[in-house]
Amino acid sequence: MNIKISDNIDWVGYVDWTVRDFHGYETARGATYNAYLVRDEKTALIDTVKRPFADALLANVAAVVDLGDVDYVVCNHAEPDHAGALPRVMAAMPHAELVCNKRCAAALARHADTSGWKIRIVDNDAISLGGRTLQFIDTPMVHWPESMFTYLPEDRILFSMDAFGQHYATSQRFDDEVSAAVALDEAKTYYANIVMPYGRQVAAVLDKAAALPIDLIAPSHGIVWRSHVADILAAYRDWSTCRARPKVVVIYDTMWDATGEMARAIHEGASQPGVEAVLIHVRLSNLTRIAAEMLDVAAVAFGSSTLNRGMMPMAAAVLNYLEGLRPANKAGFAFGSYGWGTGGAEAVHGWLESQKWDILREPLRVQYRPTPDVLDECRRAGRLLAERARSATAER
Ligand code: FEO
């Protein structure tokens, strides 16, 4: 399957309809690994696919050109979902030069035997294909140190690698052929789970992109942005700073539902006009969805029952995951019930402090079951979250 992106530019990637676990990322809508073929006086393949899908990629390219006529294979990113097929591709395209930056060449040599490949190192410079130019732009840490964009000025197309991507399997290739809301939501989930730790680097990349006239953004995952280029660029600006919406998350794990009762009362208090209040039981959700909710939240109540003098294990897993993703500019407090020994809410509180969240109150704790008075206190604490969400977003 190859699909025309523009004159003499074809999508030649692979749609992975059935993948649901992408190194722990729950890909509820599947995924795609996008590769693009640009034909001019010279022909360039931009990126490849995961190793198991090399045959599909080669068939897509062969449907358009003879494999021996491909002059360049550009590697924007050495991660195996885009570079895993390179050994097969380089063997099948005997005249092709691999084009990448120095860091990428070093990373590829750690993944495969690259000794027989012709490699052209680029450093923010350009290659002429004849009437068209491939202009390379380093974008370190979006997503790996060697990541780069390839820009085609004559067509105003930005091949943006992971940036602006989404895990979204569809037979369509453009944003205006699918629900834009779904595409943006999947882009947000992708950003939260893959790119969130690198907000500063994303801001630098956006500054570079702002200097380029762009008609199409062609990422390496999901659909191509054509009608919503300004929307996805604006969304990335917001996400790069974890800009808060008027939103509260109450998230918890519970043993005999005492912490669950507290969570529901906090959520009730937080459910105020103009504030979105989200309630999440960590064992009935998943890390991928939780990360997406944390990207644009203003205030969070995080609860855990005490188990063995500490947090419940899935509550700890969520905090461990969030510690790596480093959501910025968050406020919140800890809560939870305990039995004969304490430790759950205290451990959550310690985590919030360690991550330098703005702590809105001392941990809200109760022994065994919450009384009506405690539930009233939970509702008051929920209203505190809502007030914080309103004030944080009013400051924008
Ligand atoms: Fe889609 Fe960072 O690889």
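The notes below deal with the structure included here.

### Comments concerning the overall build of the chain
Okay, step 1: Helix and strand content of the chain: 12 helices and 22 strands.
Okay, step 2: The globule rule puts the C-alpha radius of gyration for 396 residues at 21 Å, and the 24 Å found for the chain is close to it.
Okay, step 3: Projected onto its principal axes, the C-alpha coordinates of the chain cover approximately 75 × 40 × 35 Å.
Okay, step 4: Considering the chain as a whole, with its 396 residues, one finds that 57% of them fall into the buried category.
Okay, step 5: Considering only contacts in the chain between residues 6 or more positions apart, those separated by 24 or more positions represent 72%.
Okay, step 6: With 40 positive and 49 negative side-chain charges, the chain shows a separation of 4 Å between the mean positions of the two kinds.

### Some remarks on the sheet that holds strand S12 (residues 126–128)
Okay, step 1: An order of S12-S13-S14-S15-S16 is seen for the five strands of this open sheet, with the pairing classed as mixed. Of all strands in the sheet, those bounded by a partner on one side alone are S12 and strand S16 (216–219). Taking the axes of each pair of neighbouring strands and ignoring which way they run, one obtains an average angle of 20° across the sheet.
Okay, step 2: Where strand S13 (residues 133–138) and strand S14 (residues 148–152) come together, four bridges link them in antiparallel fashion. Bridged to isoleucine 137 within S14 is phenylalanine 149.

Analysis parameters
Residues numbered from 1 in each chain as written. Predicted model: local features only at pLDDT ≥ 70, side-chain atom pairs only at ≥ 80, totals over all residues. Heavy atoms only, no water. Helix = DSSP H or I, 4+ residues; strand = E, 2+ residues; numbered from the N terminus. Rg over C-alpha atoms; globule rule 2.2 N^0.38 Å. Buried < 20%, exposed > 50% of the residue type's maximum accessible area, 1.4 Å probe, protein only. Contact = heavy atoms within 4.5 Å. Lys, Arg positive; Asp, Glu negative; His and termini not counted. Charge placed at Lys NZ, Arg CZ, Asp CG, Glu CD. Pairing = 2+ DSSP bridges. Axes fitted to C-alpha atoms, helices over the stretch in contact; angles between N-to-C directions.

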